[in-house]
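# Geometric and topological summary
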Amino acid sequence: KRQRTDITQKSLEWFPWPNRTACTLDILMHLPRSVFSVRQLDLFLWLLRVNGIEDATSVKTMKELDTKLQNLYGIQTFKYKGAFGHLYYVNSLADIISQEMCNPQVQNHLSFYPEDCGGENLTEARQFARWLHEIPDEELGPMVQLGPTGRSNDYYIFEPAMLRSGAMCMPHHWFKHQEKFYARCWRLEENVHPHASKGWKVVKGDGEFVVNEDEFLLCFKQLVDGKQELYSNITDVTQIEATWTEWTLTNPVVGNEWWQKANGAECLSFPIWLYCDNTSGNSSKRWNAHNSFLFTAAGLPCSEASKEYNVHFLATSNSAPPLEMLNGIADQLQDCQENGIWAWDLKTQSRVLLLVCVLALLGDNPMQSEFACHIGLQGKFFCHRCWAKGEDAKAENAAISEGRDASSGDDESDTQSIDSASTSGSKEGKKKRKVFKENLKTMYDCVKLFALRHGLDTRKKNETIAALKSQFVHAEMDGTAKKLEEMHTASGVKDTYQMFLINCLLKRRHDSNHESLAASQNSINNPMSPVQQIRGLDPHSDTPVEILHVVLLGFVKYLWQDIIDNQLKKNAEKKRELATRLSSLDITGLGVESKLAGNTLVNHYGSLTGSDFRKICQVAPFVLKELVNNDCYQTWLSLSKLIP
């Protein structure tokens, strides 16, 4: 009978593992993409025992140890039942972030404050306008600690502070410049009431100025604690009023709420990049298609953020759509934003309270369009960021429409594509639509529409929310599906999350099944897309351009298609020459492992990947010479400079 190994902790040297062997075996069991089966682990343990390793344990003991460690230090996984009825699981955002603060490979690279570098050498997320200017003050780190180590004072935003000049101010935004802290402050003016005690008036606008950390003398807590003895001549700093409206940012008597929550600990901002993508499905393997959410700490430099262990998995599902899964993630975000995340700071060896905010939503164009509650890329309003309008607007786009009609030859051209959301009731509108076909011409037309509308107004989050509320109210008031479709087309606003609930509402009117009525009512209680519930995030402006689909699989793909179809005019001899040039080109300087497959790049251009188009951009100036006209050649020269 095999002797049971004692796994009780006997030494702190290998804590939380009992000994070296248990530690290394546990690491071996959890290597990414190299998970040991029980049979393999048992064989490995036998090998250790026969070679005289005294503290070699058993599979059962290792499983018990793993369960114990997971309960104490592992990442929790929460089960959710979405509004559409699907079950999905989300890893704990708070657990992952708190562990990042303890990881020496990560914490030493993190930044927690935006940086102003004067608009020069912008390379990191902390230097961009989104973090430095656009995120609301209340969603960022609320304080800095200034003063000698061990005797530092907490300067919170929205709390009065005294400068060394004797002036009073109220910091509302902290940032760094040349390794020093700076604060954007509002000026405080004494406000004397004839029949009341003195107070302070907050002056915004012209009263805003920037203060260096060296200019601060006393924080709010010092002013309040010493007002009876040391600072009795200073007007009471707990009497605050605003010049523009009633002061509601804090309770002036107790100060910033995060001061109470932190209880003396440092309070830091932790912005994240939230990413969602879907894998392409296969009709014969339906399990292969799924949506996944991941995130990366935005405070990491670009060189670190792309490393595998800094990309954290949150959720995936082959049944629940992205917005349904985002509902559970948004709930976790809301809890983190309201209560913060407690963590252990490896640098300062102390507890810290972290405030999470979403710097941006990353994904391809269709995913970002769905996040922004947008009708889609084939809609009349085809952009999820602005109000660019398709060819449906004949009066406004006469020149473009005439040019397009002339080049297409007839009204049934499969490039007549953008207005996929039209709801005309005429017979012509009821004709079966041609399949939307992407090509260089449709891309050119969309770009030209943008160019003609230079300075076009951008979409706003509050406008989208108002449109969604209007659509839902209409559905509640005996609205029809056709009328809703017209509202979608007229505004370009369509929320797939809300539409599922609206369809439940419409179905409920024709369904006499009481169980179905109750189930649909539970789903309709909160009809707004979870994206709109994330504080400090505008899905229209906070969805950066995604390089792969916009550039490589966008205009580069269409320009290469133009080379084959139009410049070479599908001439077999010229295509063979181009393929030969590609295959025989010396590409040593590109760092590519194998030679280019010229035949594939020329004859199967519709199935190429982003990596293929990146290579094409670099070699095009060498292989296209004298095969295409000069304008086309100059375009590819510019592309090769744009895409290194």
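Here is what the cut-offs are and how they apply
- Every chain is numbered independently, its residues counted from 1 as its sequence is written.
- Local features are withheld for residues below a pLDDT of 70 in this predicted model, meaning they are given only at 70 or higher, and side-chain atom pairs are given and counted only at 80 or more; totals for whole chains, interfaces and linings count all residues.
- In computing side-chain values, all of the structure's heavy atoms are included and hydrogens and water are not.
- To qualify as a helix, a DSSP run of H or I must reach at least 4 residues; to qualify as a strand, a run of E must reach at least 2; elements of each kind are numbered from the N terminus.
- For every residue, the accessible area (1.4 Å probe, protein chains only) is compared with the maximum for its type, and the residue is labelled buried under 20%, exposed over 50%, or partly exposed between those bounds.
- For two strands to be treated as a pair, DSSP must find no fewer than two bridges joining them.
- Under this scheme, a helix contributes an axis fitted over its contacting stretch, all axes are lines through C-alpha atoms, and angles between N-to-C directions fall in the 0 to 180 degree range.
- Contacts were defined at the residue level, with two residues in contact if any of their heavy atoms lie within 4.5 Å.
- Within 3.5 Å is the distance limit for a polar contact, defined as a pair of N or O atoms, with the added protein rule that one can donate a hydrogen and the other accept it, and that residues adjacent in sequence qualify only through two side-chain atoms.
- Residues belong to a common nonpolar core when they are buried Ala, Val, Leu, Ile, Met, Phe, Trp, Tyr or Cys residues joined through side-chain atoms within 4.5 Å.
- We place a 1 Å grid over just the protein atoms. Points where a 1.4 Å probe fits but has no way out form a cavity, open points with protein on both sides within 12 Å along at least 5 of 7 lines form a pocket, and any residue with an atom within 4 Å of a point lines it.
- Grid points are joined across faces, edges and corners, and a volume is the space filled by probe spheres set on the points.
- Amino acids outside the nonpolar list (Ala, Val, Leu, Ile, Met, Phe, Trp, Tyr, Cys, Pro) and the charged list (Asp, Glu, Lys, Arg) are all regarded as polar, and Gly is one of them.
- For this analysis, a ring pair means two rings from Phe, Tyr or Trp (six-membered ring only for Trp) whose centres lie within 6.5 Å, classed as stacked if their planes differ by under 30 degrees, edge-to-face if by over 60, and tilted for the remaining angles.
- Salt bridge, as used here: a side-chain nitrogen of Lys or Arg that lies within 4 Å of a carboxyl oxygen of Asp or Glu.

## Some remarks on unusual backbone geometry
Phe 15 connects to Pro 16 through a cis peptide bond whose omega is 10 degrees. Looking at the secondary structure, you find Pro 16 in the segment before α1 (20-29). One non-glycine residue, Gln 178, lies in the positive phi region at around 50 degrees. Mapped onto the fold, Gln 178 is located in the loop between β6 (168-177) and β7 (180-191). By relative accessible area, Gln 178 is classed as exposed at 64%.

## Considering the sheet that holds β7
Pairing is mixed across the open sheet formed by six strands, whose spatial order is β9-β5-β6-β7-β8-β10. In this open sheet, the two strands that pair with only one neighbour each are β9 (216-218) and β10 (240-242). On average, adjacent strands in this sheet sit at an angle of 50 degrees to one another, irrespective of strand direction. When β6 meets β7, the two strands line up antiparallel, connected through eight bridges. When the sheet's bridge partners are listed, His 173 is paired in β7 with Arg 184.

## Some remarks on α1
Listed in full, the buried residues belonging to α1 are Thr 21, Ala 22, Cys 23, Leu 25, Asp 26 and Met 29. Residues of α1 that are buried make contact with α2 (38-50) and α3 (59-73). A side-chain oxygen of the first residue of α1 lies 3.2 Å from the backbone nitrogen of Thr 21; this N-cap is Asn 19.

## A word on the nonpolar core
In this structure, Trp 174 and Phe 216 are the most contacted members of the largest nonpolar core, which totals 77 residues. Looking at this core element by element, the count peaks at seven residues for helix α10 (residues 322-339). What Phe 216 contacts, discounting residues up to four positions off in sequence, is Leu 146, Tyr 155, Ala 161, Met 162, Leu 163, Arg 164, Cys 169, Pro 171, Trp 174, Ala 183, Cys 185 and Val 211. The next biggest cluster of nonpolar side chains, apart from the first, holds 31 residues, and it includes Ala 579, Leu 585, Ile 616 and Val 628.

## Overview of empty space enclosed by the protein
Counting across every chain of the model gives three cavities of 30 Å³ or more. Approximately 60 Å³ is the volume attributed to the largest cavity. Lining the largest cavity are Phe 112, Tyr 113, Pro 114, Asp 137, Leu 140, Gly 141, Ile 157, His 172, His 173, Trp 174 and Ser 269. Among the elements that make up the lining of the largest cavity, the one with the highest residue count is β6 (three residues). Here the residues of the lining of the largest cavity are counted per class, giving six nonpolar, four polar and one charged.

## So, the packing of aromatic side chains
Applying the stated rule across the entire model yields twelve aromatic pairs. Where Phe 175 meets Tyr 182, the ring centres are 5.9 Å apart and the plane angle is 20 degrees; that geometry is what we call stacked. Considered together, Phe 175 and Tyr 182 belong to a single accessibility category, that of buried residues. A ring pair is formed by Phe 381 and Trp 387, whose centres lie 5.7 Å apart and whose planes are at 85 degrees; its orientation type is edge-to-face. The class for Phe 381 is buried, based on a relative accessible area of 8%. An aromatic cluster is present here, built from Phe 84, Tyr 497 and Phe 500 joined pairwise through their rings.

## Regarding the environment of Gly 376
Along the polypeptide, Gly 376 turns up in the loop between α11 (365-371) and α12 (398-408). For Gly 376, a relative accessible area of 15% translates into the label buried. On a C-alpha basis, the gap between Gly 376 and Lys 494 in space is 8.3 Å, while along the polypeptide they are 118 residues apart. Here Gly 376 is in contact with Ser 369, Phe 381 and Phe 382, once residues within four sequence places are set aside.

## Focus: the side chain of Thr 250
Within the secondary structure, Thr 250 is located in the loop between β10 and α8 (257-262). Taking relative accessible area as the criterion, Thr 250 reaches 12% and is therefore assigned buried. Excluding residues within four positions of it along the chain, Thr 250 makes contact with Phe 158, Gly 255 and Asn 256.

## So, the pattern of salt bridges
Going through the model one piece at a time under the given rule, you end up with ten salt bridges. Between Arg 535 and Glu 139 there is a salt bridge, with its nearest N and O atoms 3.1 Å apart. Placement of Arg 535 in the loop between α17 (514-524) and α18 (547-567) and of Glu 139 in the loop between α6 (129-134) and β3 (143-146) is noted, with a sequence separation of 396 residues between them. Look at Glu 139 and you get buried, because its relative accessible area is 8%.

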